[in-house]
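Here's the letter readout for the chains.
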Amino acid sequence: TLLQIGCEDGSVKLFQVVPGGIQFERNLDRRKGRILCLSWHPSETHIAAGSIDALRVFDVSSGQTVQRIMVNYHVQKVQRECIVWSIAFLSSGTVVTSDSFGRVQFWDWERGTLLESHTVSTSAVLSLAVSEKEDSIVVGTSTGATYQFQLLPVKMGSLEKRWVRTKPFQHHTHDVRAVAHSSTALISGGLDAQLVIRPLMEKMQKKGYDAVLRKFTFPHRCLVSCARKARLLLFQFSQYLELWRLGSTDETGKDGEVLPLCRMPEHLVQLKSKGPEHIYCSCVSLCGSWIAYSTASRFHLYRVQYEGDSVSIKKVPKLPKLLLPAYQLQFSSDSSSLFVASARGSVHVLQLLEPGGCKHLHTFQPPSGSPEAVYLLASSADGHWVAAVGGDWAIHVYNLKCFKHHCTVPMYSCAVTALAIHPVTNNLVIAYSDQQLFEFSIPKKQYTAWSRTVQNCGLHKAWLERDSPITHIAFNPKNPSHILLHDIYMFCVLDKSLPLPDNSALLMNQSTLKQLPETARQRQLHAFKICKKFQPLLFADLLDENCLVMVERPIMDIKTQLPLPIQRKKFGT
């Protein structure tokens, strides 16, 4: 119910969390020096604040500073200032700090004395997090290393305990600016654009998905949308959008050949967002005539017109007032409607008008009344259905003809990472974060026979052990049995007409099959056809029955834009 904010002028401000926002309550005792980090005591009676060369403890009720500790009082002749980058207040009264001298220190705040000091790095320790039981701490450094500290008995059976550095990990190349400590894993976020989840093996009951080290470089949401009919791609950056026309070729060739282009890719429009807010989501209609995007406080809709080689773009005025921000946007297949997923659980339906306008048609509310944000949408090609997934992982299907809730897909214990409605059968294909695949018949309100077969037989072990979630699902209308799936590292064509592979079979068997005679090849065919040629794969979709578009984002392109990591001298060099 209370929010604390530390400011550059040395003040700490208290805000009350009220419905719809926050409300200023009062300032605490202001002293000289920047406030760089803050931590509540679990009882909420005191606040610890880290500054330059010092930490302070405030009494919340009086607002006064009740303790000020110089973090270098025990060090002789310090020539440079010490920045306290991160702080944690334990229920025992111990204050933990990490600083620019590479130290993790433990303080008795009432006496103002140093209990323990551990130098873990020659450069700064930037972040720290404490486990819920307060018996483990994870810290992140500017060298890219993370360390775990555990509260352990001094000797077997002893009641006296000390903080001991137990595990070092080097999963990042640059500053580790953020860390978190769950009950079973250490989580770190680095300036190298990677999120790393490192499981604590002693907390794992069995080997499986949760016991695997996972690294994530890209967000699990689509930053590319495709206007298939117009052969356009819309790229979403943090504060602007780019619209490109795809190149084309008249040549044909063998598998693996790169064909010369008769028309080069063309950059058509760059659309900049005003103000400092980042773009949450964006979308281009299938015909390429409409572009929509949303920030935290604004929703924008544009009409795009093409005349020969020239492109004009016009902002649609007087948009309906919606509950913002929008977390997902999707145009209908005929470009007559726009679906807006709200942060409050609702889905707005807007009708698009010629030559450039829109009006609000309907707002769908989940029958459960859940306020969780809708983060995924899927609409049917016939304009009859729209499916929405909220933060509570419930999948609701709405009827667009009578504007009513149609059904809810049976709940599953994992988050949905992608979903799409088949253009021929109106079956909803769902991918979950544990790599399971389901197919749900919307007209019949039940799982299909193929989906039940998948659950009875189980998916291949190598498929289930992948650590990257499926981020996009597409279909080939000319071949209804094909489902096109992709994650960051692979593109897959799933053929429902073929048998599922068992664990003894090779999941990626395309190269093996090419070497076999036709009769032997038929015996070893299975449903999964996987290609790992394109990496990292941000987007893949079918333009037409003979053409597929892939969007890669090479990691080295990102790394070349990063500042140089801290250089560490290695022995013998």
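Every residue gets a number counted from 1 within its own chain, in the order that chain's sequence is written. Thresholds applied to this predicted model are a pLDDT of at least 70 for local features of residues and 80 or more for the giving and counting of side-chain atom pairs; totals over whole chains, interfaces and linings are not thresholded and use all residues. Excluded from the side-chain calculation are hydrogens and water; included are all heavy atoms of the structure.

Trainee: I keep staring at helix 1 (residues 449-457) and nothing clicks. Help me out?
Mentor: Side chains of residues three or four places apart in an α-helix project in the same direction, reflecting 3.6 residues per turn. The classification of residues rests on relative accessible area computed with a 1.4 Å probe and restricted to protein chains. Under 20% of the type maximum is buried, over 50% is exposed, and intermediate values are partly exposed. Think of it this way: any DSSP run of H or I at least four residues long counts as a helix, any run of E at least two long counts as a strand, and we number them from the N terminus. When helix 1 is considered as a whole, its buried residues turn out to be Trp 450, Ser 451 and Val 454. All buried residues of helix 1 fall inside an arc of 100° around its axis, so they share one side. Opposite the buried face of helix 1, by more than 90 degrees, sit the exposed residues Ala 449 and Asn 456. Here a residue-residue contact requires only that any non-hydrogen atoms of the pair lie within 4.5 Å. Residues of helix 1 that are buried make contact with strand 38 (437-441), strand 39 (446-447) and strand 42 (491-495). In this description, the arc belongs to the directions extending from the helix axis to the C-beta atoms.

Trainee: Would you mind showing me how to read the sheet that holds strand 6 (residues 54-59) here?
Mentor: Remark on secondary structure: sheet strands pair via backbone hydrogen bonds, oriented parallel or antiparallel. Strand order in the open sheet formed by four strands is 4-5-6-7, and the pairing between neighbours is antiparallel. Strands at the two margins of the open sheet, each flanked by one partner only, are strand 4 (37-40) and strand 7 (65-70). Averaged over all adjacent pairs, the angle separating strand axes in this sheet is 15°, with direction ignored. Think of it this way: DSSP has to see at least two bridges between two strands before they count as a pair. Note on method: axes are straight lines fitted to C-alpha atoms, helices fitted across the in-contact stretch only, with angles between N-to-C directions ranging 0 to 180 degrees.

Trainee: Teacher, can you tell me more about the nonpolar core here?
Mentor: Soluble globular proteins tend to pack their nonpolar side chains together in the buried interior. Buried residues of nine kinds, namely Ala, Val, Leu, Ile, Met, Phe, Trp, Tyr and Cys, make up a nonpolar core once their side-chain atoms join them within 4.5 Å. Within the largest apolar cluster, 21 residues are counted, with the highest numbers of intra-cluster contacts made by Trp 463, Ile 470, Ile 473, Leu 485, Leu 494 and Phe 528. For this core, the secondary structure elements donating two or more residues are strand 36 (416-421), strand 37 (427-432), helix 1, strand 40 (472-475), strand 41 (482-486), strand 42 and strand 43 (528-531). With near-sequence residues (within four places) excluded, Phe 528 lies in contact with Leu 459, Trp 463, Cys 492, Val 493, Leu 494, Leu 500, Pro 501, Leu 507, Asn 509 and Gln 510. Of all hydrophobic cores here, the second largest spans 20 residues; its members include Ala 378, Cys 407, Leu 419 and Leu 428.

Trainee: Which parts of the structure should I look at to understand the side chain of Ser 294?
Mentor: The topology assignment puts Ser 294 in strand 25 (residues 290-294). Overall, Ser 294 belongs to the buried group, its relative accessible area being 0%. We define a polar contact as two N or O atoms separated by no more than 3.5 Å, with the added condition that, inside protein, one atom must be a possible hydrogen donor and the other a possible acceptor, whereas residues neighbouring each other in sequence contribute only through side-chain atom pairs. Within the structure, Ser 294 has its side chain in polar contact with the backbone oxygen of Arg 298 (distance 3.4 Å). Each residue touching Ser 294, except ones within four places of it in the same chain, is listed here: His 278, Ile 279, Tyr 280, Cys 281, Phe 299, Leu 324, Pro 325, Ala 326 and Leu 329.

Trainee: Any chance you could explain the pattern of salt bridges here in plain terms?
Mentor: A side chain of one charge can pair with a side chain of the opposite charge if their charged atoms are brought near each other. For this analysis, a salt bridge means a side-chain nitrogen from Lys or Arg found within 4 Å of a carboxyl oxygen belonging to Asp or Glu. A complete count under the given rule lists 14 salt bridges for this structure. Among the ionic pairs, Asp 29 bridges to Arg 31, the shortest N-O distance being 3.1 Å. For Arg 31, a relative accessible area of 37% gives the class partly exposed. Its salt-bridge partner being Arg 303, residue Glu 354 comes within 2.6 Å of it at the nearest N-O pair. Here the residue Glu 354 occupies a position in the loop between strand 30 (347-353) and strand 31 (357-364), and Arg 303 occupies one in strand 26 (residues 299-307), the gap between them amounting to 51 residues. Three or more residues joined by partner-sharing salt bridges are found here, namely Arg 245, Arg 263 and Glu 266.

Trainee: Help me understand the packing of aromatic side chains in this model?
Mentor: Any aromatic ring pair is given by two values, namely how distant the centres are and how the planes are angled relative to each other. Two rings from Phe, Tyr or Trp (for Trp, the six-membered ring) form a pair when their centres sit within 6.5 Å of each other. Planes less than 30 degrees apart are called stacked, planes more than 60 degrees apart edge-to-face, and all others tilted. A full pass over the atoms with the stated rule returns 14 aromatic pairs. A ring pair is formed by Tyr 412 and Tyr 432, whose centres lie 4.5 Å apart and whose planes are at 50°; its orientation type is tilted. Of this pair, Tyr 412 sits in the loop between strand 35 (404-409) and strand 36 while Tyr 432 sits in strand 37, and the two are 20 residues apart along the sequence. Classification of Tyr 412 as partly exposed rests on a relative accessible area of 23%.

Trainee: Would you explain the environment of Asp 467 in this entry?
Mentor: Within the secondary structure, Asp 467 sits in the loop between helix 2 (461-464) and strand 40. Spatially, the C-alpha atom of Asp 467 lies 9.0 Å from that of Ser 433, the residues being 34 residues apart in sequence.

Trainee: How do you make sense of the sheet that holds strand 3 (residues 21-27) when you look at a structure like this?
Mentor: Taken together, the three strands give an open sheet; going across it, the order is 1-2-3, and neighbouring strands pair in antiparallel fashion. A single partner strand is all that each edge strand has here, and the edge strands are strand 1 (2-6) and strand 3. Put simply, the sheet's adjacent strands are angled 30° from each other on average, direction ignored. The sheet contact formed by strand 2 (residues 12-18) and strand 3 spans six bridges and is antiparallel. Directly across from Leu 14, in strand 3, lies its bridge partner Arg 26.

Trainee: In this structure, what is going on with the environment of Leu 259? I would like to understand it.
Mentor: Within the secondary structure, Leu 259 sits in the loop between strand 22 (240-245) and strand 23 (266-272). Measuring from C-alpha to C-alpha, the distance between Leu 259 and Asn 479 comes to 26 Å, with 220 residues separating the pair along the chain. Ignoring anything within four residues of it in the chain, the contact list for Leu 259 reads Thr 249, Glu 251, Thr 252 and Gly 253.

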